[in-house]
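Residue strings, one per chain:
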Amino acid sequence: FVCMCLNYPSICVSPVPQPPTITLQSPKDYIFDPRENIVIHCDAKGKPHPSFSWTRNGTHFDVEKDSKVLMKPGSGTLVIDISGEKAEAYEGVYQCTAHNEHGTALSNNIVIRQSRSPLWSKERNEAIMVQRGVSLVLQCRPPAGLPPPVIFWMDNIFQRLPLNERVSQALNGDLYFSNVLPEDTRSDYICYARFPHTQTIQQKQPISVTVLDSNPVGDRKPGFMAPLGATSTNMVLRGETLELECIAEGLPTPEISWSKESGELPSNRMSLKNFQKTLEIRDVTEADAGDYRCVAKNSLGSVHHIIKVTVKAAPFWISAPRNLILAPNETGILTCRVSGDPKPKISWLVNGVPIENAPQDPSRKVEDDTVILSNVQTGSSAVYQCNASNEFGYLMANAFVSVLAEPPRVLTPSDHVYQVITNHPALLDCASFGSPIPTITWFKDVKTSIQNGDPYVIHENGTLEIHVAQKLNSGKYTCIATNTLGIRENHVYLEVKEPTRILKQPEYKVVQRNMNAMFECKVKHDPSLIPTMTWLKDNGELPDDERFVVDTDSLTIKDVTEKDEGTYTCIMNTTLDQDSASAMLTVVEEPDPPSDLELTDQRDRSVQLTWIPGDEHNSPTEKFLIQYEDLLHEPGVWHNLTEVEGTSTTAQLNLSPYVYYAFRVLALNHVGYSQPSQPSRQYRTNPAAPDENPSDVKGVGSEHNNLVISWMPLKGFQSNGPGLHYKIEWRQKDVDQDWSSESVANVTQFVVSGTPTFVPYEIKVQAVNDYGSGPEPEVVTGYSGEDQPLTAPENVQVMVHNSTIAEVHWEPVPTSSVRGKLLGYNVGLLSDTLSVDSCEQVLTFSGNRSEGRLPGLQPYSLYNLCVKVFNSKGEGPPSTSKNFETPEGVPGPPSFLNIVNPNMDSLTLEWGPPLKNNGRLTGYTLKYQPVNTTSELGPMKVMTFPANETSVILIELKSNTLYKFYLSANTIKGSGPNITDESFTVMDTSDVAVASRQVDIATQGWFIGLMCAIALLILVLLIVCFIKRNKGGKYPVKEKEDAHQDPEIQPMKEDDGTFGEYSDTEDHKPLKGSRTPSNGTVRRDESDDSLVDYGEGGDGQFNEDGSFIGQYSGKKEKDTHEGNESSEAPSPVNAMNSFV
């Protein structure tokens, strides 16, 4: 049995007879190194395995008789040991023969030759002396070697001689000078020949060249040194490399160009070498034949040369003969089609014997390049050789004809599972063998016959192809192989999988150095396939660095550096497919500092600065900042001078006199500023008179009899020269007098003494140095010192508008008495209130005013005021005091309102007087009204009380009813704001009803009887529970209301715990909650849900606007609870009702 390789593991078939086939042989031309063994390869296959034999120079070579020759076991390869032997004895033409009972195969004729590196012939080179400008050729003429040597020129210290457009080496190794120069003079022009196989180098005798300058040759037009004449020819074989060469002489040195007369040069196979002197065309075809023009040109003219190229061809295959396996009585054809120039001659051999000398076979017919085999029979197997040759070479091919009678065999493994991706081609193999060749048919799921056509294709080798596989193509497939000798079938399976797709691709990142970069790569794949995520950087593996963190669907690079830049690719692989996506990472950082600062175009007041920008680090430079250091006045301090665009590398700088400048440049990109460049060399400007005077000149007196003149001094480089000082000039304004002057240095102010109080002065300050004065200074007006005002405002009058606002008027004081800049008037108020303690306040009115409004006064008060003028030195004397009264106003709200002692038909109200009466209190007004269960307001009742009463007992009220109360205090001006509160009266125990919106169980007789029966038994327990309930925690109103879902009852405000306003006016709708009486109350059923359920205490209050200020969930006041505890104990019935 023989195991055949079919890309399936362990598929073995029974042996099939096969004639020999050559599988390995040495090249036709074999040059060996005499220092190594000769190895001539020859391997073949066949069934049975072939035997081998050799011929040398056309005669049998008996390997066994030569002890130096060894044939490898199971192979025809020869190993010849030539150590100690003459290698020349084994040179010759060798041919290998592989033979078995079914035929004989031949190898190529292998020419064995020994490599040679002969010595240079002895010769004496004459010294060469030439005039400057002439052309020169130094001949190499190396010895012929096998293979030919590589030529190069060196000097006697083994340094290669420099080659250029003027001096070049030709293809034959000669050294050409288009024109010689004095520097060409040397005595060691040496040609070297390196022989590749033996790795030896031979050296020619040195050539001496001397270039004379006594009679130099002048300029001349070009002329060709090689090739000579107007035309030349060149023959090249198809598939080889064509080398054309043109070397010209002339002065100046000519330039060489190439063109083809009737066509274009093949740019994809062409290259110019040796400074354009050599045109090389690779893989020559017949189309490369033609005339090639080389042109040599210099400033004096041009010359051209035509090279006629012909292309010949050694034999090459058009269609080589192929092996045939035929069944008995079949017909086969062997074709041997070749081409070449000249046309090759074709000859046929059978089993290594010329076909004309082979045994006659009536089934065989030869027609030039074709052998026709008709009605072959078993036993007529053979190996045919086709030999095609012309003067440039030969081709030989073996093709066997094997006559077999074999039933079909399916070689594809049974039940093999194929997996493909949706929308990809699916190839289901049905490899078979048989003679005659089996016919293949396919079925899907056993029943459905598959025919050629969309979407199926059945290939010649039996493979079934589905062009675009879909899920519906999955299933079981059966292939059947049939010939005249039998039938075989095989089953395979196809599974079509979902493709792998990258849903979120990594995105381009621009990241600052030392920051983190993260690439996301989210993938979808078939759940039955196991995915593998791989990340690449620039198509290579990620660096072995812990900064690179690979997660399930992301890659994070920590603390990125410049080396991390590149293209990152995520690849998701499964066993069937892959998907990939890439994104670039760009690392940016501050630019490198500029360098090479230079100063040019130097003038007194300007200079030009140039620099070379540093590396931008992937972020374009936005601008350059130029700074300077004043080495004379402020050494070590750098100042910003100017900015220029990021595309500039030069700046024109305006300078000041008398400065020792040094400059530096900083570059700014999106990330930030670079480090400063190295400073430029020092640049000094010449001194000059000041260009400007001090700024911010002022004149202000610090005392009533002086004038302080101050200014902002010039900075160091503004001085423009040494000896900087200031000329101070002043005179009183609007007075006919000369300027007074004084010169000072190194100060910023000057004091003029003995001045009148607060009079204007004209002031000038001028900069002066040793080289002159600055420009004429501007005149500034200042004032001498101030003093306190002398007089008080007169004729002060007060107009009272109402109880809180008055208006004061006065006559302004004379300007001369102010003795400074008038800042305003102060009004002092002293109140002697009739109802509150006295207080004092000061109102300021800025500017030169004569009146002012006095807001925020207290009603029913007596005020005393005076007016004073003031300046920066203080206030003047006060005016005559003025008294005035404010009229009465409405009072404030009562200080408190408490509702105590609630009963079934009465409530007790207690209140306190207002904190601010704002007049004489005349009494109180009380308004109250009931609020029914639907939050509607009942009729309003009004009661009045004298000022000395602060409590009342309201009687004849309805039981178990919520009342809302409004209480205000009165003066003769009217009522003040209300204080409000609300409270329930106690339920009448003779008519208790518990209702429910869902089921009114209180009206059921059995329920009433049951409750009465158990009341007596658990009375003590209920009393205890009731007491604990009254002392218990808070019950949120909102939860109770949410539970009862009463649309008319709204929740408390979330921010302060109080109840919100009524939706309509507050006086005509009930509040949204109330306090609960201090003694126990009857709890309403869930249907009516009275607010009494939520309260505990009776201390709630109402704000002035009527809103309730207590908290239903608040804890009851201790004193109220204790006070009521003895007067009205909890009723068992009430407790009972509360419990229910």
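Residues numbered from 1 in each chain as written. Predicted model: local features only at pLDDT ≥ 70, side-chain atom pairs only at ≥ 80, totals over all residues. Heavy atoms only, no water.

## Concerning the overall build of the chain
Check the secondary structure of the chain and you find 6 helices and 90 strands. Within the chain, buried positions represent 45% of all 1140 residues. Considering only contacts in the chain between residues 6 or more positions apart, those separated by 24 or more positions represent 65%. (Helix = DSSP H or I, 4+ residues; strand = E, 2+ residues; numbered from the N terminus. Buried < 20%, exposed > 50% of the residue type's maximum accessible area, 1.4 Å probe, protein only. Contact = heavy atoms within 4.5 Å.)

## What about the sheet that holds strand β36 (residues 364-367)?
Overall, antiparallel pairing links the 3 strands, which are arranged β32-β37-β36 in an open sheet. In the strand order of this sheet, the two ends are held by β32 (332-335) and β36, each with one partner. In this sheet, neighbouring strand axes are inclined to one another by 15° on average, regardless of whether the strands run parallel or antiparallel. Of the pairings in the sheet, the one linking β36 to strand β37 (residues 370-373) comprises 4 bridges and is antiparallel in character. Opposite R364, over in β37, you have L373 as the bridge partner. (Pairing = 2+ DSSP bridges. Axes fitted to C-alpha atoms, helices over the stretch in contact; angles between N-to-C directions.)

## A closer look at unusual backbone geometry
That bond from L146 to P147 is cis: its omega, -10°, falls within 30 degrees of zero. Looking at the element boundaries, P147 is found in the loop between β15 (136-138) and β16 (150-154). Residue D601 is not a glycine yet carries a positive backbone phi of 50°. With respect to the helices and strands, the residue D601 is situated in the loop between β60 (595-600) and β61 (606-612). With a relative accessible area of 36%, D601 lands in the partly exposed category.

## Here's the deal with the packing of aromatic side chains
One pass over the structure, following the stated rule, counts 20 aromatic pairs. Consider the rings of W711 and Y726, whose centres lie 5.7 Å apart with planes at 55°: the pair is tilted. Placement of W711 in strand β68 (residues 706-712) and of Y726 in strand β69 (residues 725-732) is noted, with a sequence separation of 15 residues between them. Overall, Y726 belongs to the buried group, its relative accessible area being 4%. Ring geometry for W810 and F845: centres 6.3 Å apart, planes at 50°, overall tilted. Of this pair, W810 sits in strand β76 (residues 806-811) while F845 sits in strand β78 (residues 839-846), placing them 35 residues apart in sequence. A residue is classified by how much of its surface remains accessible, and F845, at 9% relative accessible area, is buried. (Phe/Tyr/Trp six-rings, centres within 6.5 Å; stacked < 30°, edge-to-face > 60°.)

## Let's talk about the nonpolar core
Judged by nonpolar contacts, the single largest core of 25 residues is most densely connected at I38, I40, W54, I80, Y94 and I112. Sort the elements by how many residues they give to this core and strand β11 (residues 92-100) lands first, with 3 residues. Leaving out residues up to four positions away in the same chain, I80 has contacts with N37, I38, I40, K68, V69, Y90 and Y94. (Core = buried A, V, L, I, M, F, W, Y, C linked by side-chain atoms within 4.5 Å.)

## As for the sheet that holds strand β24 (residues 242-245)
Strand pairing in a sheet relies on backbone hydrogen bonds. The paired strands run either parallel or antiparallel. Within the open sheet, the 3 strands sit side by side as β24-β28-β27. Their pairing is antiparallel. With partners counted over all chains shown, the strands left at the sheet margins are β24 and β27 (270-273), one partner each. When the angles between neighbouring strand axes are averaged without regard to direction, this sheet yields 20°. Relative to strand β28 (residues 278-281), β27 is paired through 4 bridges, and the arrangement is antiparallel. Bridge pairing in β28 places K273 opposite T278.

## Considering the side chain of R547
Here R547 lies in the loop between β55 (540-541) and β56 (548-550). A polar contact is formed between the side chain of R547 and the backbone oxygen of K558, at a distance of 2.8 Å. A polar atom in the side chain of R547 sits 3.1 Å from the backbone oxygen of D559. In contact with R547, other than residues within four places in its own chain, are T556, I557, K558, D559, V560, T561 and D564. (Polar contact = N/O pair within 3.5 Å; in protein donor to acceptor, adjacent residues only side chain to side chain.)

## Here we look at the state of the cysteines
Counted by the stated rule, this structure contains 6 disulfides. Note on cysteine connectivity: C140 is disulfide-linked to C191, with sulfurs 1.9 Å apart. Disulfide C140-C191: the torsion about the S-S bond is -70°, which places it as left-handed. Placement of the pair is C140 in the loop between β15 and β16 and C191 in strand β19 (residues 186-195), with a sequence separation of 51 residues. Shown here is the disulfide that connects C246 with C294, its sulfur atoms set 1.9 Å apart. The sign of the -70° torsion about the S-S bond sets the C246-C294 disulfide as left-handed. Highlighted residues: C246 in the loop between β24 and β25 (247-251) and C294 in strand β29 (residues 290-298), separated in sequence by 48 residues. Like C294, C246 is buried. In the chain, numbering the disulfide-bonded cysteines from first to last in sequence yields the connectivity 1-2, 3-4, 5-6, 7-8, 9-10, 11-12. (Disulfide = S-S within 2.5 Å.)

## Focus: the layout of surface pockets
In this structure, the largest pocket encloses a volume near 1200 Å³. Taken together, 40 residues make up the lining of the largest pocket; nearest its centre are I325, S432, F433, G434 and I437. Looking at the lining of the largest pocket, the elements that each hand over two or more residues are β6 (42-47), β31 (324-326), β32, β39 (393-403), β43 (432-435) and β44 (439-444). Counted by class, the lining of the largest pocket contains 21 nonpolar, 14 polar and 5 charged residues. (1 Å grid on protein atoms, 1.4 Å probe; cavity = no way out; pocket = protein on both sides within 12 Å on 5 of 7 lines; lining within 4 Å. Points joined across faces, edges and corners; volume = space filled by probe spheres on them. Nonpolar A, V, L, I, M, F, W, Y, C, P; charged D, E, K, R; others polar.)

## Structural notes on a nonpolar patch on the surface
A grouping of Y508, V510 and M584 is seen on the molecular surface, where their side chains present a nonpolar patch of about 320 Å² in accessible area. Topologically, Y508 is positioned in the loop between β50 (501-504) and β51 (509-512). (Patch = residues over 30% accessible without salt bridge, like charges linked within 9 Å, V, L, I, M, F, W, Y side chains within 5 Å. Areas by Shrake-Rupley, 256 points an atom, 1.4 Å probe, with all protein chains shown as cover. Salt bridge = Lys/Arg side-chain N within 4 Å of Asp/Glu carboxyl O.)

## A look at the side chain of D174
Locating D174 in the fold gives a position in the loop between β17 (167-169) and β18 (175-177). One buried charged side chain, D174, makes no salt bridge at all; its nearest oppositely charged neighbour is R141, positioned 6.2 Å away. When sequence neighbours within four positions are dropped, the list of residues in contact with D174 reads V137, L138, Q139, C140, R141, W153, S168 and Q169. (Lys, Arg positive; Asp, Glu negative; His and termini not counted.)

## Overview of the environment of V765
In this fold, V765 is placed in strand β72 (residues 760-769). V765 sits in the buried class, given a relative accessible area of 3%. As for V765 and E778, which are separated by 13 residues in sequence, their C-alpha atoms are 8.0 Å apart. Apart from the residues within four sequence positions on either side, V765 is in contact with N693, P694, V697, I709, W711, Y726, K727, I728 and P777.

## Comments concerning the confidence of the model for the chain
Of all residues in the chain, 86% have pLDDT values of 70 or greater, and the mean over the chain is 85. Across the chain, the secondary-structure element scoring lowest on mean pLDDT is helix α6 (residues 1132-1139), at 35, and the one scoring highest is β18, at 97. Contacts from residues 991-1000, a stretch scored under 50 in pLDDT, to residues over four places away or in other chains number 21 contacts. Of the regions scoring below 50 in pLDDT, residues 1032-1140 engages in 235 contacts with residues more than four places distant in sequence or in other chains. (pLDDT = per-residue confidence, 0-100.)

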